[in-house]
Amino acid sequence: NVIKHGLNDTISHVLLTALNVLQDCVNAWAEGNIQRSQLAAVDGCLNTVLNKFGDASSKVRGEAAAALSFIADASCVGPAHIASLLSKPLPKKQQNAPKPIAARLALITELVERYGLREYSGLSASTIMGFVKSVNGFAHTSAEVRTKTKLLTIAIHKIIGKDVEKYLTSLRPKQLEEYRESFL
């Protein structure tokens, strides 16, 4: 509760300190110093951290992404759990906002590059590309979102090859050609 309260604080220093404490708790849990029953408390905090992707402060957004990346590496949480959080629909306030969408896409790309597409990572091409479609990543009004979408698609292509093209059917011919060139 204390960590979650800190994560919801409007003072960025308090929020950033709470992120550090959350990471310390996850470390302690991974080392077996925290009981498994405390996962529910950590899980509630993870959703709050994910919502920080919509924060006005780039430092807060960056630290939130770094914290989730760190927690994905922790054996007690892992990439599968973080991937499932990232692929959930965005809160109503963030559904068309470019910053939280771009931040999610960037972290998903990082997880794909680090863990690949397999059961352990919790990442599958169909889930990821379904998320891309749900946020209109290929045709978003924000160039940043379109760029992050392209980088994610390239990362997936490196793993599954031409099979990624079945997810690109909504692209205009010129866009599809640009994607194919970037796959080389």
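This structure is a prediction, so every number in the text was calculated from the model and none was measured.

### Thoughts on the packing of helix α6 (residues 98-115) against helix α8 (residues 143-160)
Following both chains from N to C, one finds α6 and α8 inclined at 15 degrees, their axes separated by 9 Å at the closest point. Considering their axes alone, α6 and α8 lie roughly parallel with respect to each other. Between α6 and α8 the crossing geometry is left-handed. Where α6 abuts α8, its residues P98, K99, I101, A102, L105, A106, I108, T109, V112 and E113 lie against E144, V145, K148, T149, L151, L152, A155, I156 and I159.

### Let's talk about α8
Across its 18 residues, α8 extends 25 Å between first and last C-alpha, which sits within 8% of the 26 Å expected from 1.5 Å per residue. In this structure, the buried residues of α8 make contact with α6, α7 (125-134) and α9 (173-183). The first or second residue beyond α8 is G161, which carries a positive phi of 65 degrees.

### Overview of the nonpolar core
Counting 58 residues, the largest nonpolar core has L22, L46, I82, V112, I128 and I156 as the members making the most contacts within it. Looking at this core element by element, the count peaks at nine residues for α6. L46 has contacts with L22, L68, I71, V77, H81, I82 and L85, leaving out every residue within four places of it along the chain.

### Thoughts on unusual backbone geometry
Residues other than glycine seldom take positive phi values, yet N136 does so here, at roughly 55 degrees. Among the secondary structure elements, N136 is positioned in the loop between α7 and α8.

### Some points on the state of the cysteines
For the structure on display, the rule yields zero disulfides. Free cysteine: C45, not disulfide-bonded; nearest cysteine sulfur from C25 at 8.1 Å. Under the relative-accessibility criterion, C45 is labelled buried at 5%. In this model C76 remains outside any disulfide bridge; the closest cysteine sulfur is found in C25, 10 Å from its own.

### Observations concerning the packing of aromatic side chains
Overall, the coordinates contain two aromatic pairs when judged by the stated rule. When the ring of Y179 is compared with that of F183, the centres are 6.4 Å apart and the planes differ by 75 degrees; the resulting orientation is edge-to-face. Of this pair, Y179 and F183 both sit in helix α9, four residues apart, roughly one helical turn. The exposure class assigned to Y179 is buried, which follows from its relative accessible area of 5%. Residue class for F183 comes out buried when judged on its relative accessible area of 12%. By the ring-pair criterion, three or more aromatic residues cluster together here, those being F138, Y179 and F183. Across from the ring centre of Y179, 5.5 Å away, lies the NZ or CZ of K150, which sits over that ring.

### With respect to α7
Within the sequence span of α7, burial applies to A125, I128, M129, F131 and V132. Around the axis of α7, the buried residues are gathered within 150 degrees of arc, so they sit on the same side. Turned more than 90 degrees off the buried face of α7, the exposed positions are K133 and S134. On the buried face of α7, the contacting elements are α5 (78-86), α6 and α8. Backbone geometry just downstream of α7 places N136 in the positive-phi region, at approximately 55 degrees.

About the criteria used
Residues numbered from 1 in each chain as written. Predicted model: local features only at pLDDT ≥ 70, side-chain atom pairs only at ≥ 80, totals over all residues. Heavy atoms only, no water. Axes fitted to C-alpha atoms, helices over the stretch in contact; angles between N-to-C directions. Helix = DSSP H or I, 4+ residues; strand = E, 2+ residues; numbered from the N terminus. Parallel < 35°, antiparallel > 145°, perpendicular 65-115°, else oblique. Left-handed = near helix turned anticlockwise from the far one by under 90°. Contact = heavy atoms within 4.5 Å. Expected span 1.5 Å × (residues − 1). Core = buried A, V, L, I, M, F, W, Y, C linked by side-chain atoms within 4.5 Å. Buried < 20%, exposed > 50% of the residue type's maximum accessible area, 1.4 Å probe, protein only. Disulfide = S-S within 2.5 Å. Phe/Tyr/Trp six-rings, centres within 6.5 Å; stacked < 30°, edge-to-face > 60°. Lys NZ or Arg CZ within 6 Å of the ring centre and 35° of its normal. Arc of directions from axis to C-beta.

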